[in-house]
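# Structural overview for review
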Amino acid sequence: MRPRLSSIIGIFCLIVYVGALGYGAYRTYRNIYVQHNSSEKEFYELVATANAAGALGFMNQGFQDAVRDSIMNSKTLQGAVISGPYGNEYAVERKEGIITWTNDIPRFSTRFGLSRDPHWEKLNIDGIRNATISAVYYIIDYNEFSLILKHTLMIVLASLTLALLTMIFGALFGKPPTPRVINVAMGDARSFKFAESAAATEKQAQVPEGKKTSRRDTPQKEAPGFEAPGQAAFTGNPADGKQGGENPKGLYSPHGNISWEAYTKERLASELHRCAAFEQDLVFIAMEFDHLENSADLFFNEFAEMAVKHFTLRDLIFEWGSQGIAIIIPNADLDQGLARSEEFHAKVLSHFAARFSAGAGLAVGLSSRAGRLIDAERLIFETSQALVKAKQDPSSSLVAFRSDPEKYRAFIAAQGRE
């Protein structure tokens, strides 16, 4: 499922959530308003009943029965207190707990939901002065409120179901390309073609006859004219700031505010030496855009900044050609590097959805030290070949180069014996 469709459904679900909350809030407000008006109307009916019953005898049994029946038949009123001119008081409640007694004086309870401002009115009974009646009610109709909650939750549940279905279909039909791991055993005739070319490259490092094989697992030089795709051939000392005709100034390039491409090989060699000394692994990653119509600096700078935030070390992130970057991750194995690359690849696809829907792509290749005493040039070569494979297969734009350390050492040893 395209990221744009997922975004549209996500926004729609968000609107539904907000609408459901607004619907629930409005219905609740209306419930409170209607409840207040209904209680006010019923209270004045109670006052009229009390006035009529009081004319036949204030506070007698008939008067009390009339007031009680009026409260019990009310839909909103929960209790009433009637005060006479001589301190005599009568209280009636629909449920126990509505009225509390303090020193034989009835008072309305302050329980949750009861009105804090009771209705109050003077009784108009001949011969009786200063007689009053007051009543309390629930500020909300809980039966109606229960319906409001059910309707609101049904709307939210429907929206949540749509969001879950979107995630499921997105996972089934729109998941990012599955990364491939290329297992390479040096000297194995059944390996990939580029592994064969790599083996041929190793033959360029010949051990002089009669000399013992070095403890290094990899030759000191590659085949003449070797050049990693996306990276210019190294023609000088990176410390001098010269590579591929560029003249770096300072640590970071203005193209993405990351390390200059000219420094890649030297820094990788340094990190490989350090990781070998501490018996740590190291991953080298190269990623590059293709079919990118607009490669303006503004876009690349944003992409590079995303890489810095994800991989955290700016000085271990380098330019890779004009539309790519290379990353060194010390003390991490190939699986860890692959997981972090997948996560970053998904972030980039989501963030630049419009560019990728227009046909652009981001290929990622990576390789690791994997317990080998390998030099920087060799690791760059393996990573660049994995990147080439990733570009060639649009269904799997993440490719990892995995070598077998034991077979790699055996291959180097065999070349030394020759």
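To be clear, the structure that these remarks concern was listed above.
Moving on, we get to the overall build of the protein chain. A count of helical and extended segments in the protein chain gives 10 helices and 12 strands. Put simply, the protein chain has 418 residues, and 43% of those count as buried. For the protein chain, contacts bridging at least 24 residues in sequence account for 70% of all contacts bridging at least 6. For the protein chain, the exposed surface amounts to about 22,700 Å²; the carbon and sulfur share of it is 55%.

What follows is about the packing of aromatic side chains. One pass over the structure, following the stated rule, counts 10 aromatic pairs. For the ring pair F303 and F344, a centre distance of 5.9 Å and an interplane angle of 40 degrees mean the geometry is tilted. Note that F303 is positioned in helix α6 (residues 297-311) and F344 in helix α7 (residues 334-351), a separation of 41 residues in sequence. In this pair, the class of F303 matches that of F344, namely buried. Through successive ring pairs, a cluster of aromatic residues spans F289, F299, F300, F303, F311, F344 and F352.

Moving on: helix α2 (residues 61-72). With 12 residues, α2 should reach 16 Å at 1.5 Å per residue; the first-to-last C-alpha distance of 16 Å fits that figure. If you check which residues of α2 are buried, you get F63, A66, V67, S70 and I71. All buried residues of α2 lie within an arc of 130 degrees about the axis, which places them on one face of the element. At the N-terminal boundary of α2, the capping side chain belongs to N60, with an oxygen 3.3 Å from the backbone nitrogen of G62.

What follows is about the pairing of strand β1 (residues 77-83). Of all seven residues that make up β1, seven are buried, and the element is covered over most of its length. As paired elements, β1 and strand β6 (residues 132-137) share six bridges and run antiparallel to each other. When the bridges of β6 are listed, V81 appears paired with S134. Note: β1 against strand β2 (residues 89-93), five bridges, orientation antiparallel. Residue G79 lies in a different strand from β2, and its bridge partner there is E93.

Calculation notes
- Residues numbered from 1 in each chain as written.
- Predicted model: local features only at pLDDT ≥ 70, side-chain atom pairs only at ≥ 80, totals over all residues.
- Heavy atoms only, no water.
- Helix = DSSP H or I, 4+ residues; strand = E, 2+ residues; numbered from the N terminus.
- Buried < 20%, exposed > 50% of the residue type's maximum accessible area, 1.4 Å probe, protein only.
- Contact = heavy atoms within 4.5 Å.
- Areas by Shrake-Rupley, 256 points an atom, 1.4 Å probe, with all protein chains shown as cover.
- Phe/Tyr/Trp six-rings, centres within 6.5 Å; stacked < 30°, edge-to-face > 60°.
- Expected span 1.5 Å × (residues − 1).
- Arc of directions from axis to C-beta.
- Polar contact = N/O pair within 3.5 Å; in protein donor to acceptor, adjacent residues only side chain to side chain.
- Pairing = 2+ DSSP bridges.

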